[in-house]
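Architecture and fold: a report
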Amino acid sequence: MCEPGPEVFHEKQRLELCAIHALNNVLQERIFSKEAADDICKRLSPESRVNPHRSFLGTGNYDVNVIMAALQSQGLAAVWWDKRRSLDSLCLERVFGFILNIPSLVLLGFLSLPIKRRHWIAVRQEISGGTNLPGTLRDAACCPEGS
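Just so we're clear, the structure is a prediction, and the values are computed from it rather than from any experiment.

Conventions used here
- Residues numbered from 1 in each chain as written.
- Predicted model: local features only at pLDDT ≥ 70, side-chain atom pairs only at ≥ 80, totals over all residues.
- Heavy atoms only, no water.
- Helix = DSSP H or I, 4+ residues; strand = E, 2+ residues; numbered from the N terminus.
- Buried < 20%, exposed > 50% of the residue type's maximum accessible area, 1.4 Å probe, protein only.
- Contact = heavy atoms within 4.5 Å.
- Areas by Shrake-Rupley, 256 points an atom, 1.4 Å probe, with all protein chains shown as cover.
- Salt bridge = Lys/Arg side-chain N within 4 Å of Asp/Glu carboxyl O.
- Arc of directions from axis to C-beta.
- Polar contact = N/O pair within 3.5 Å; in protein donor to acceptor, adjacent residues only side chain to side chain.
- Phe/Tyr/Trp six-rings, centres within 6.5 Å; stacked < 30°, edge-to-face > 60°.
- Lys NZ or Arg CZ within 6 Å of the ring centre and 35° of its normal.
- Core = buried A, V, L, I, M, F, W, Y, C linked by side-chain atoms within 4.5 Å.
- pLDDT = per-residue confidence, 0-100.

**Let's talk about the overall build of the protein chain**
Per the secondary structure count, the protein chain includes three helices and four strands. Across the 147 residues of the protein chain, 30% fall into the buried class. Counted over contacts in the protein chain with a minimum sequence separation of 6, partners at least 24 positions apart contribute 42%. For the protein chain, the exposed area adds up to about 10,400 Å²; of that, 57% sits on carbon and sulfur atoms.

This is the structure:
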């Protein structure tokens, strides 16, 4: 069971803005907005008519390049970690948090559609353990220290 601790900042998922929410949730404050992410996209591909770093519909769905540039703007370095690599070489003492890209179901009401999507979530190390910060607070969970 989780011990009550400091209040956790959490932005609820909306549209396809999970990358922005994951960034703000791992940083524990509202730093990035859709407009800021769109500006990063423009800087990454200034000559593109259809920007490859976000949804062409303008609803978000930002790629890892936007997340990495956003973290760099805050003086943080993002390290790409492939799941095939061993976790033994990961130095957790130097990790600020994790932003994970996980498979996600597409739901239409209670109906699960056969569409494969990806979703960004944040996991942040806290003094008393970790907190999983997905797109919905009801899914937020504490992780025991050392797990």
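**Digging into the pattern of salt bridges**
For side chains bearing opposite charge, pairing can occur when the charged atoms are close. The final tally for this structure, using the stated rule, is five salt bridges. With its nearest N and O atoms 2.3 Å apart, the salt bridge here joins arginine 117 to glutamate 16. On the criterion of sequence distance, the pair formed by arginine 117 in strand S2 (residues 111-126) and glutamate 16 in the segment before helix H1 (18-27) is long-range, its members being 101 residues apart. In this structure, arginine 54 engages aspartate 38 in a salt bridge whose closest nitrogen and oxygen atoms are separated by 3.1 Å. Of this pair, arginine 54 sits in the loop between helix H2 (34-44) and helix H3 (64-73) while aspartate 38 is found in helix H2, placing the two residues 16 residues apart along the sequence. Several salt bridges share partner residues, and in doing so they unite Lys34, Asp38 and Arg54 into one network.

**Comments concerning H2**
Three or more residues of H2 are buried, namely Ala37, Asp38, Ile40 and Cys41. Taken around the axis of H2, the buried residues stretch over an arc of 155 degrees, which confines them to a single face. Set apart from the buried face of H2 by more than 90 degrees, the exposed residues are Glu35 and Arg43. Considering only its buried residues, H2 is in contact with H1 and H3.

**Regarding the side chain of arginine 124**
One can find arginine 124 in strand S2. A polar atom in the side chain of arginine 124 sits 2.8 Å from the backbone oxygen of valine 26.

**Comments concerning unusual backbone geometry**
Within the chain, glutamine 28 stands out as a residue other than glycine whose phi angle is a positive 65 degrees. Mapped onto the fold, glutamine 28 is located in the loop between H1 and H2. Not every positive phi belongs to a glycine, and asparagine 61 is a case in point at roughly 55 degrees. As for its position among the elements, asparagine 61 is in the loop between H2 and H3.

**Digging into the packing of aromatic side chains**
Enumeration over the complete set of coordinates arrives at zero aromatic pairs. Over the ring of tryptophan 81 we find arginine 85, and its NZ or CZ is 3.8 Å from the ring centre. Directly above the ring of phenylalanine 96 sits arginine 124, whose terminal nitrogen or CZ lies 4.2 Å from the centroid.

**Some points on the nonpolar core**
Counting residues in hydrophobic clusters, the biggest one holds 21 residues, and the most contacted among them are Ile20, Leu23, Phe32, Tyr62, Val66, Ile67 and Trp120. With seven residues, the single largest contributor to this core is H1. Residues within four places of valine 66 in sequence aside, it is in contact with Ala37, Ile40, Cys41, Leu44 and His53.

**Here we look at the confidence of the model for the protein chain**
With 81% of its residues at a pLDDT of at least 70, the protein chain reaches an overall mean of 81. Low pLDDT (under 50) marks residues 136-147, which in the prediction has 17 contacts with non-local residues, meaning those over four places away or in another chain.

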